Amino acid sequence: MNTEKIAARRLSLEEVTKLGVKDRIFVSAGTAELKIPDCYVPAFLTKSGEDFEGGSVTARTVFQEEVSCLPDDENEAGIYLADEKGSVTIEVLQSAGVVLDLTLFVPGGDKGALTALYAAARQAFGADVVQIWRQGLKEVPDVKVDIFEEQIPRGRKGGGDSPKRDRRAIDTYPTRADFIEFSEGWKPVVEIHRPIVDDTPTI
């Protein structure tokens, strides 16, 4: 387990309420699935401390896990802030690497293309390092689509106004629609792409 010792100080609940979502803090590295005693990870509050309404404080770690804690509870690990003049030294868990979770479109992809792709990754990072844990392959049709987000109408149905629409992307078959984060109050709409034809006569 790779850790780094840093000087830090424990924050009181009052100090936590003055933090914003961009302030880097340290919370316990232990999770329900993995117990790591006396070890911490970098994290950020999920909402500004000034919005704290009592109960536990929720933070999201750099490993994308949400943890809850009570800063003033002496029986809990607490929340720490890096401080060279801090009275304590804490062990901070380091990152071992990145699990890459993506959708990769390989034009005309076949088994040979995928084998070459994996071979290139292993050559770059080491044959024993690059591991394929889960692989899902799906062929996609050669179709271009428009991906829009359309405002969800409120109130009664009817009325002459058509819903507002914003284009998010022009893409091949809607593989990206599953990964686009749509705005609150808007819904995704996927349509066959039809190029705009300008019939304006020219002189």
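Given the structure is predicted, the values throughout are model-derived calculations rather than measurements.

S.K.: Report on the nonpolar core, specifying residues and quantitative values.
M.R.: In terms of nonpolar packing, the biggest core is built from 17 residues, with Ile25, Val27, Leu45, Ala59 and Ile79 touching the most fellow members. Every element with two or more residues in this core is listed here: strand S2 (25-28), strand S3 (40-45), strand S4 (57-61) and strand S5 (66-69). If one sorts the elements of this core by residue count, S3 sits on top with three residues. In contact with Leu45, other than residues within four places in its own chain, are Val16, Leu19, Gly20, Val21, Ile25, Val57, Thr58 and Ala59.

S.K.: I'd love a proper account of a nonpolar patch on the surface, names of residues and values included.
M.R.: Where nonpolar side chains cluster on the molecular surface, the patch consists of Leu100, Leu102, Leu104 and Leu117 and spans about 410 Å² of accessible area. By the element assignment, Leu104 lies in the loop between strand S7 (88-93) and helix H2 (111-125). Leu104 gets classed as exposed once you look at its relative accessible area, which sits at 53%.

S.K.: So, the pairing of strand S1 (residues 3-10): which residues are in play, and what are the values?
M.R.: Bridge count for S1 against S7 is six bridges, and the pairing is antiparallel. Within S7, the residue paired with Glu4 across the bridge is Val92. Across three bridges, S1 lies against strand S6 (residues 80-82) in antiparallel orientation. When the bridges of S6 are listed, Ala8 appears paired with Ala82.

S.K.: Please set out the packing of aromatic side chains residue by residue, giving values where relevant.
M.R.: Under the defined criterion, the tally for this structure stands at one aromatic pair. Residues Tyr40 and Tyr80 carry aromatic rings whose centres are separated by 5.1 Å and whose planes lie at 70 degrees to one another, so their mutual orientation is edge-to-face. Of this pair, Tyr40 sits in strand S3 while Tyr80 is found in strand S6, placing the two residues 40 residues apart along the sequence. Judged on exposure class, the residue Tyr40 and its partner Tyr80 are both buried. We note Arg165 situated over the ring of Phe148; from NZ or CZ to the ring centre the distance is 4.6 Å.

About the thresholds
- Residues numbered from 1 in each chain as written.
- Predicted model: local features only at pLDDT ≥ 70, side-chain atom pairs only at ≥ 80, totals over all residues.
- Heavy atoms only, no water.
- Core = buried A, V, L, I, M, F, W, Y, C linked by side-chain atoms within 4.5 Å.
- Buried < 20%, exposed > 50% of the residue type's maximum accessible area, 1.4 Å probe, protein only.
- Helix = DSSP H or I, 4+ residues; strand = E, 2+ residues; numbered from the N terminus.
- Contact = heavy atoms within 4.5 Å.
- Patch = residues over 30% accessible without salt bridge, like charges linked within 9 Å, V, L, I, M, F, W, Y side chains within 5 Å.
- Areas by Shrake-Rupley, 256 points an atom, 1.4 Å probe, with all protein chains shown as cover.
- Salt bridge = Lys/Arg side-chain N within 4 Å of Asp/Glu carboxyl O.
- Pairing = 2+ DSSP bridges.
- Phe/Tyr/Trp six-rings, centres within 6.5 Å; stacked < 30°, edge-to-face > 60°.
- Lys NZ or Arg CZ within 6 Å of the ring centre and 35° of its normal.

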